Amino acid sequence: MSIFSSRIREIGIISTVVIIVFSLASLLYVQDITINDIKNNLLLQQTQRQVASTRDISLHIGSDLNLILGMLDGLANSIYMQQGNLYGNNATKLMEEKYIQFDSVIKSLFVLDKDNIVTISLSPAGSEGAMVGADYSLRDWVVNSRQALKPIFSSDFERQGIFMIYMSYPIISRHTGQYIGTIEPLYLQNLSLRTMEMLST
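Residues numbered from 1 in each chain as written. Predicted model: local features only at pLDDT ≥ 70, side-chain atom pairs only at ≥ 80, totals over all residues. Heavy atoms only, no water.

A. A look at the overall build of the protein chain. Helix and strand counts for the protein chain come out as 5 helices and 6 strands. Taking all 201 residues of the protein chain together, the buried fraction comes to 32%. Of the contacts made within the protein chain by residues no fewer than 6 positions apart, 53% connect residues no fewer than 24 positions apart. (Helix = DSSP H or I, 4+ residues; strand = E, 2+ residues; numbered from the N terminus. Buried < 20%, exposed > 50% of the residue type's maximum accessible area, 1.4 Å probe, protein only. Contact = heavy atoms within 4.5 Å.)

Spelled out as structure tokens, the structure:
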């Protein structure tokens, strides 16, 4: 009888150990699945937020650029620019008005004559801007804009955490089709270069 009781006790202990081990294994398995599900959900939510944020930034930048291109088109087709008056007070005054209107999105605004020499330059006091008389003939976006006779954007760059890009908008005579000069704004957006790289991927 004692042998039988001992055997039953052994079976009971083994059964209890098996149940405990199985329960722990099941718990760990379920926990692992739960953790993976949580990680996947968090990753999906983060990806969705990133996509939404990137889309919003893209729309904002696109809206800014469209506004600036509209402003540049108006300047390039103004009577002063069309007459080739790239040095006079009237052209300067018109440029100043537009610069003040768009100074929240452009850092500088300047005009180049047909020889790519700066004739009008507007920028915040104390900042680096285009110097009147400076030669921009070696700037790729200036050369490309003159050759293509259409707006050209420079490569993007970052300065002190601010994303910047030059735009080159040719002034073309509506009567003769001849190249007169170029209007150059420096577009700025308070985005890091890393953000811009994410937008381009």
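B. Region of the structure containing the packing of aromatic side chains. Applying the stated criterion across every chain, the model contains 3 aromatic pairs. Taking 5.2 Å as the distance between ring centres and 50 degrees as the angle between the ring planes, the aromatic pair formed by Phe110 and Tyr136 counts as tilted. In this pair, Phe110 sits in strand S1 (residues 106-113) while Tyr136 sits in the loop between strand S2 (118-122) and helix H4 (140-148), placing the two residues 26 residues apart along the sequence. Neither Phe110 nor Tyr136 differs from the other in exposure class; each is buried. Each member of the aromatic cluster is reached from another via a ring pair, and the members are Phe110, Tyr136, Trp141 and Tyr166. (Phe/Tyr/Trp six-rings, centres within 6.5 Å; stacked < 30°, edge-to-face > 60°.)

C. Broad picture of the nonpolar core. Core analysis: the largest hydrophobic core is formed by 27 residues, its most contacted members being Ile68 and Met95. Looking at this core, the elements with two or more residues in it are helix H1 (2-76), helix H3 (89-101), S1, S2, strand S5 (162-172) and strand S6 (179-189). Setting aside residues up to four positions removed in sequence, Met95 forms contacts with Leu75, Met81, Leu109, Phe110, Val111, Ile120, Leu122 and Ile183. The next biggest cluster of nonpolar side chains, apart from the first, holds 10 residues, and it includes Phe110, Leu112, Tyr136 and Leu186. (Core = buried A, V, L, I, M, F, W, Y, C linked by side-chain atoms within 4.5 Å.)

D. Just the pattern of salt bridges, in detail. A complete count under the given rule lists 1 salt bridge for this structure. Here Lys114 and Asp115 are joined by a salt bridge, their closest N and O atoms 3.9 Å apart. For Lys114, a relative accessible area of 45% puts it in the partly exposed group. (Salt bridge = Lys/Arg side-chain N within 4 Å of Asp/Glu carboxyl O.)

E. Representation of H3. Helix length check: H3, at 13 residues, gives a terminal C-alpha distance of 18 Å against a target of 18 Å (1.5 Å per residue), a fit within 8%. All of the buried residues in H3 are Ala91, Leu94, Met95 and Tyr99. One side of H3 holds all its buried residues, which, seen down the axis, span an arc of 135 degrees. Residues of H3 that are exposed and angled more than 90 degrees away from the buried face: Asn89, Lys93, Ile100 and Gln101. (Expected span 1.5 Å × (residues − 1). Arc of directions from axis to C-beta.)

F. Region of the structure containing the confidence of the model for the protein chain. Here the protein chain shows a mean pLDDT of 78. Residues at 70 or above account for 77%. Contacts for the low-pLDDT stretch residues 191-196, under 50 throughout, to residues beyond four places or in other chains number 13 contacts. (pLDDT = per-residue confidence, 0-100.)

G. Local environment of the pairing of S1. Counting buried positions along S1 gives 8 out of 8 residues, so the element sits mostly inside the fold. With 4 bridges joining them, S1 and S2 adopt antiparallel strand pairing. Note that in S2 the partner of Leu112 across the bridge is Val118. (Pairing = 2+ DSSP bridges.)

H. Structural context of the pairing of S2. Counted residue by residue, S2 has 4 buried out of 5 residues, so it is predominantly covered. Where S1 hands over to S2, the hairpin turn is made up of 4 residues, of which Asn116 adopts a positive phi near 65 degrees.

I. Focus on a nonpolar patch on the surface. Together, Ile13, Val17 and Val21 give the surface a local cluster of nonpolar side chains, amounting to about 270 Å² of exposed area. The topology assignment puts Val21 in helix H1. Accessibility expressed as a relative area gives 51% for Val21, which makes it exposed. (Patch = residues over 30% accessible without salt bridge, like charges linked within 9 Å, V, L, I, M, F, W, Y side chains within 5 Å. Areas by Shrake-Rupley, 256 points an atom, 1.4 Å probe, with all protein chains shown as cover.)

J. Structural context of the environment of Ile120. Mapped onto the fold, Ile120 is located in strand S2. For the pair Ile120 and Ala91, spaced 29 residues apart in sequence, the C-alpha separation works out to 8.5 Å. Beyond its immediate chain neighbours, meaning those up to four positions away, Ile120 contacts Leu86, Ala91, Thr92, Met95, Leu109, Phe110 and Val111.

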